[in-house]
Structures are given as structure tokens and as C-alpha cells.
Amino acid sequence: MSLWRRLTGTDAREQIRLRARVARYFPIISWVPYYNRHLLSEDLVASIIVTLMVIPQALAYAILAGLPAITGLYASMLPLILYTIFGTSRTLAVGPMAIVSLMTAAALSPLFESGTPAYSQAAVTLAMLSGLILAVMGLLRLGFFANFLSHPVVSGLLTASGVLIAASQFASLIGIGGSGFTLIEQLTHLLTHLGGVHWPTLVLGVSALVFLLLMRRAGPWLQKLGLSAGTATFIVRLGPVIAVAITTLASWALHLPGLGVNVVGDIPAHLPPLSLPSFEPGLLRDLLLPAFLISVVGFIESVSLAQMLAARRRERISPDQELVGLGTANLAAAFTSGMPVTGSLSRTVINFDAGARTPAAGAFAALGVGLVILFLTSLIAYLPIATLAASIIVSAMTLVDLPGLRRTWHYSRSDFAAMLITILLTFVEGVEAGVMAGVGVSLALYLYRTSRPHTAEVGRLAGTEHFRNIQRHEAEVDDEIALLRIDESLYFANARYLEDTVYGLLADRENMKHLVLICSAVNLIDASALESLESINSRLKDSEVTLHLAEVKGPVMDMLGNSDFLEHLTGEAYLSTFAAWTDIRHRLDDERAALLKSTEASTEASKEAASETSKEASTEASEEAASEASEEAASEASEEASTGASEETATDAYADETPPATSPTRPSDR
């Protein structure tokens, strides 16, 4: 019987339901019931390796934050145990991190003097605020907030932070002390204090730096000596531990503190004391924004790394629960004299490569740190600060992503501009300004790109059901049909742009009778975009153009169903562009056939009418001709009659008026 069943006493089905509900808030439940000796052995080996790594890093990052070195070890204990309970990543190593330490120092230095009790209390207050912000964001499921920082912006921020962190440690490397949190301040301080170089510190620090740089490239050399790749990699990653051991031994043996070399000094050999953050309103107000920025940056780096490593093992993490896990870790640091923490890049990779299988490896590493604090702090007292500075420089330079800069420049100039703005502002104004600029630039780029969505008039590829941009492909088109593909969700920022695009198409296509909006890439239509669609539908109707939709996704169609838009739509909503194309083409063909038939019928009717009209005109002409002939005959007869009468009348008249003529002499008369 499993441990879970013994604890719950429920049947298998209820057990699964209960475990799912509990594991949602306590991810430890998802793996503890299956924990065994094999997993224990792998986690123990990984924890030993991580413990060796965390000690020099935790000390160094605490000093970078302006805090006592022991603070870094305190922050590497209870926070890891809390993350084991609430975190979802199997390999994420939580603790102090370079960029978070730099942001902590930048937030606290203007308020308090470094090394004072007030400074330390402000640090735990900052950790408390960061923990509360992360936990609340997790409970509200705001893990998506990480998407507001684009990858180029994050890469630019890390690159600039790496340079800042390295520059801040060069002063400690040569023994003149550091100052400032912008690149200009750091370089100015370094150049103006070169005359105060402490030579023993310089020799020790440069030696440690060169050793660490050589160790990073020692892998191939070690393999040539016959070591396996795994062993060589392990030795290379132990470089900081080896440097710490050698320089600490040299410091003790050569009495370097007596020569003025700064060392860590005495460390209390006890477990982290309980601490109480400050609740003074003014301090909370001053630290709220830095805490928010630290939370965002830490979460983005942690969840990105955790997702990448989880994918390699086909595991999954929950970004929302990661917020809760990191939040509880910071709250633990706030009440155990710690500092803000997050997932560490270098220690997480080492934890993964060392074979950690569950978050228990982090808890075992915390126990290892506790043992070091209790029994080995006397050895750490002689650790030179210059060695820690060298380890920070080498670690920070891994954040610089020059190939990413070149790749972004060639791929997208706008993304490169965002990256460059983030880098420059981080150099000039500090990490906080860089983070805010990065968020602002990311949002501005998103709004600009989505406010002018790509659209394409598409046509059908001959013999297929595929439709492509007619500007890129030879495709079949119809003068009376326009197929417009929209490649972005529709919301208030681009609603007007869609109207302008459609009206421009309407002006260019005089013969257009049907417009199909292809919505395959549309995941959202908000209220502003809905009004634009209604306006488009109405205006097209006035222009005797029918509006259709195609390939509308289910959730979007559900939203449209909550309005009366579909009822007023002059056309149809088709499942596919091909269905719209074929149906509308059939309609147009039917209309054209009907129009042709009507035209032919009209032509025949016109011909018949013309024929009848011609016959009628011919008949009328014949009748008119006959009538005219009759009239002419009558007229002639009348004229003849009139002429005869006239002649008779004239003869009679003549006879009456003329005297009787002498009768011709007849022969008998003569």
C-alpha cells in the first residue's frame, strides 16, 4: 500500500481526486508518494555538488547586495525548503542571484548605509514585499505577466546587468572599493581611484580571475589527460570552489589580512536568527516599486530556465504555481535574516546535470548549507573578498549575450532597437530603469504591431483548396469576389485600421459584389472591433456589396453569437474559405445565367416586338398607300368631271355669246 493511501485511507478514485486538489496548491504531493531510495541517492549526490557551489556564490552575492556575507548563506536555507513544498520545477535551485543582488543594492543604498542594521532590516523588508507580490500574483493566476517582457528585452537587460555586475566588482578586485550602480558612475570611480590600487589584493584577485577563466576552458584539456567527459565537466564546474579553497588557504598561511587584504571575517556559527521586517509606511512605499521589479525579473528568469530544463525531461511546470513557490521562498528569507531570492542560473544547471530528480535535492542542499554554517565558518573567515569578486565577474559575464545581439540585429531591427534601448538605459540609469524601459518598449512594440495588422488579399491556387496571397503567388481570382485574410486578433487598437483597409479595397475594386473576411488568425473580437464590423457591414450594404465571414474560430463565434451582428450580417459565415469561394461562385454563376437568360428573353421579346411593330407599320403604310391611291383616283375623277363640266359650260357659253355663222354653201345652193 502506498504512503498516500495509508495517510488518506480512501479508495483509488477518491485518492486521485483528493491528490489532484491538494497538489494544485502543494506540488510536493505529486512526487512524495513515489519517492524511493533510487531517487534519494540521486538527489543526495546533486545536493552535495550544489552545496559546494552555493557557498562561494551566496557569500559573493550577499556582498554584491551590500549585506554581510553570512546573509547569503541564511538566504540559502529555509527558502529552498519552502520552494521544495510549493514549487513545481524538479531542478530549480533557489537562492541569491547576481542580478537580484544588484537590484537589491540599487534599491537600498539611497535609503541606508550599507552594512548597518537598518540596511539589513530594509533587505528583509524588500524580501517580504517581493514574496507577497509573487504569492498574490500566483494566487490570482497572473503568470502570463511574464509575457510583457519580450525575449530581446530580457536578453538586453541581462547583458547590461552582466556588464554592470562585472564592472562593480573590478574595484574590489584591485582593492579600492566600489561605488555607484550605473556604468558611468562605476567607470568614473574606477578611473579616479587607480592611484589607490592595493597591490597584494590586485595580485590575488587577478590570479583568481585568470584561474577561473582558464578553468572554464579546461574541459578539453582534462579529457586529453584521459578523464571522461562527465568527470572533466564536474571538475570545471568546481572551479570557484577550488579557487576559494586555494586563496583561503593562501590568505591564512601568508597572513594576508595583515597586509590589508579584505576578507570575509568572522561568521556566526549558528542557524539563521528570526528577523522582523519593517512595517513603516514610508519605507514600504519606497520599496514597493523595487520589490515589484525584482519580482518580475526574478520570476521571468526562473520560469524560463525551469521550462527549458523541464522540457528536456518531458516534464511540466506551472508558471502560476511557480509564482507561489518563489513567493513563499522570499517570505521565508524575510523572516530568517535573508535577502530577496530567485532561481539561480548556474546552480540550477549544475543541479540538473548532477542528476537531481526531485525538489528534495534543494532541501538537502539547504541542510548542507546549515552544516557548513555550524561547523565550517571558521574556515571561511580567511576567504578574500577579491576571490569572491573574481567569481562574480566570471559568473556575470555569462549573462552577456553578444551572439543574441547580432542575431536580433539581422532578424528584426525593431526588436534590436528595443534591446538597445534597454541596454543603454540600464547602463545610464540602472537596472530598475532598464526593467521599466523594457516593459514599456515591449508593450509599445506589441501595440504598434497589432494596431497595424497584416492583411492579404488571397486567391485560390489552381486545382487545390488552398488560398494564398495574390501578391506572392499566381492564384485564381474573381473580379466580383474579394477574399481578405486578417492575420491578427481584432481589438480597439486595430479596429479603425481594419475599416480603412476594407474601404480602401472597396474603392479599388469597382466590380466587387462579395467580400469575405478570412478570420483564421483571429482569436479575439472585442466590443470596439465588433462595432467596426457592424459599420463595415452597413457601409458595404449601402454599396450593394455582401459581407461574409470564413474560418471563424469557435470561441470567437460564441462571442459574436452574444450579439445581433450575425442576424444583421448581409452574407454567410462559412466554415472554410474554399466553401465560401465555391458557394459564392455558384451564386454568381446562377445570377449570371439568370441574367443571360433574362437578357436573351428580353432580346427575343424585343425582336418580336420590333417585328410586330414593323408589320403594323407595313400594314399602316399599305393602307395609307391604298387610301392615298383611292384619294388620288377620286381626286382625278373629280378633276376630270370638273374639267368636262367646265368645257361643256364653256361651250354652251360660247354658243350663246357667238352669232350664228353662215352655213357653208352647198353645191345645190350655188
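About the thresholds
Note on numbering: residues in each chain are counted from 1, in written sequence order. Side-chain atom pairs in this predicted model are given and counted only at pLDDT of 80 or more, local residue features only at pLDDT of at least 70, and totals for whole chains, interfaces and linings cover all residues. Excluding hydrogens and water, the side-chain figures rest on all heavy atoms present in the structure. Helix numbers and strand numbers start at the N terminus; a helix is a DSSP run of H or I with at least 4 residues, a strand a run of E with at least 2. Multiply 1.5 Å by the residue count of a helix minus one, and that product is the helix's expected span. Relative accessibility under 20% of the residue-type maximum defines a buried residue, over 50% an exposed one, and the middle range a partly exposed one, all with a 1.4 Å probe and only protein chains included. Any two residues whose heavy atoms approach within 4.5 Å are treated as being in contact. In this scheme, patches are assembled from residues that exceed 30% relative accessible area and form no salt bridge. Like charges are connected within 9 Å, while nonpolar side chains (Val, Leu, Ile, Met, Phe, Trp, Tyr) are connected within 5 Å. All accessibility values rest on the Shrake-Rupley procedure with a 1.4 Å probe; residue burial counts only the protein chains present in the view. One speaks of a salt bridge when a side-chain nitrogen belonging to Lys or Arg is within 4 Å of a carboxyl oxygen belonging to Asp or Glu. In this tally, Lys and Arg are treated as positive and Asp and Glu as negative; His is ignored, and so are the chain termini. Taken as the charge centre is NZ of Lys, CZ of Arg, CG of Asp or CD of Glu, depending on the residue. Note on definitions: angles span 0 to 180 degrees between N-to-C directions of axes, and those axes are lines fitted to C-alpha atoms, for helices only across the stretch in contact. Roughly parallel means an angle under 35 degrees; roughly antiparallel means over 145; roughly perpendicular covers 65 to 115; every other angle is labelled oblique. We call a crossing left-handed when the near helix sits turned anticlockwise from the far one by less than a right angle, and right-handed when that turn is clockwise. Asp, Glu, Lys and Arg are counted as charged, while Ala, Val, Leu, Ile, Met, Phe, Trp, Tyr, Cys and Pro are counted as nonpolar; the rest, among them Gly, fall into the polar class.

S.K.: Where do I start with helix H17 (residues 360-375) in this structure?
M.R.: At 3.6 residues per turn, the α-helix brings residues three or four places apart onto the same side. An ideal rise of 1.5 Å per residue puts 22 Å on 16 residues; H17 measures up with 23 Å between its terminal C-alpha atoms. For H17, the complete set of buried residues consists of Ala360, Ala361, Gly362, Ala363, Ala365, Ala366, Gly368, Val369, Gly370, Val372 and Ile373. Of the surrounding secondary structure, the elements contacted by the buried residues of H17 are helix H3 (37-64), helix H4 (69-74), helix H5 (78-86), helix H16 (345-353) and helix H18 (377-380).

S.K.: Can you walk me through a negative patch on the surface in this structure?
M.R.: On the surface, Glu531, Glu534, Asp564 and Glu567 cluster together into a patch of negative charge. Note that Glu534 resides in helix H24 (residues 527-542).

S.K.: Can you help me understand the environment of Ala232 in this one?
M.R.: Mapped onto the elements, Ala232 comes out in helix H12 (residues 229-237). Separated by 12 residues in the primary sequence, Ala232 and Pro220 place their C-alpha atoms 7.9 Å from one another. Those residues within four positions of Ala232 in sequence are excluded, and the remaining contacts are Gly219, Leu222 and Gln223.

S.K.: Help me out: how do you make sense of the packing of H3 against helix H13 (residues 239-253) in this one?
M.R.: The relative placement of two packed helices comes down to the angle between their axes together with the axis-to-axis distance. At their nearest, the axes of H3 and H13 sit 9 Å apart, and the two run at 60° to each other. On the basis of the axis angle, H3 is oblique to H13. Note that H3 runs across H13; the crossing there is left-handed. For the pair H3 and H13, contact is made by Leu52, Met53 and Pro56 and by Pro240, Val241 and Val244, respectively. When grouped by side-chain class, the residues that make up the contact of H3 with H13 number six nonpolar, no polar and no charged.

S.K.: Can you walk me through the environment of Glu572 in this structure?
M.R.: Following the sequence through the fold, Glu572 ends up in the loop between helix H26 (565-568) and strand S8 (573-574). Once you skip the residues sitting within four places of it in the chain, Glu572 turns out to touch Leu547, His548, Leu549 and Arg587.

S.K.: So what exactly am I meant to see when it comes to the pattern of salt bridges here?
M.R.: Pairing is possible between side chains that carry opposite charge, provided their charged atoms lie close to one another. Counted under the stated rule, the structure contains 15 salt bridges. Between Glu457 and Arg509 there is a salt bridge, and its shortest N-O distance comes to 2.2 Å. Here the residue Glu457 occupies a position in strand S3 (residues 455-460), and Arg509 occupies one in the loop between helix H23 (495-508) and strand S6 (514-518), the gap between them amounting to 52 residues. A salt bridge links Asp589 to Arg592, with the nearest nitrogen and oxygen atoms 3.3 Å apart. In this pair, Asp589 and Arg592 both sit in helix H27 (residues 577-657), three residues apart, roughly one turn of the helix.

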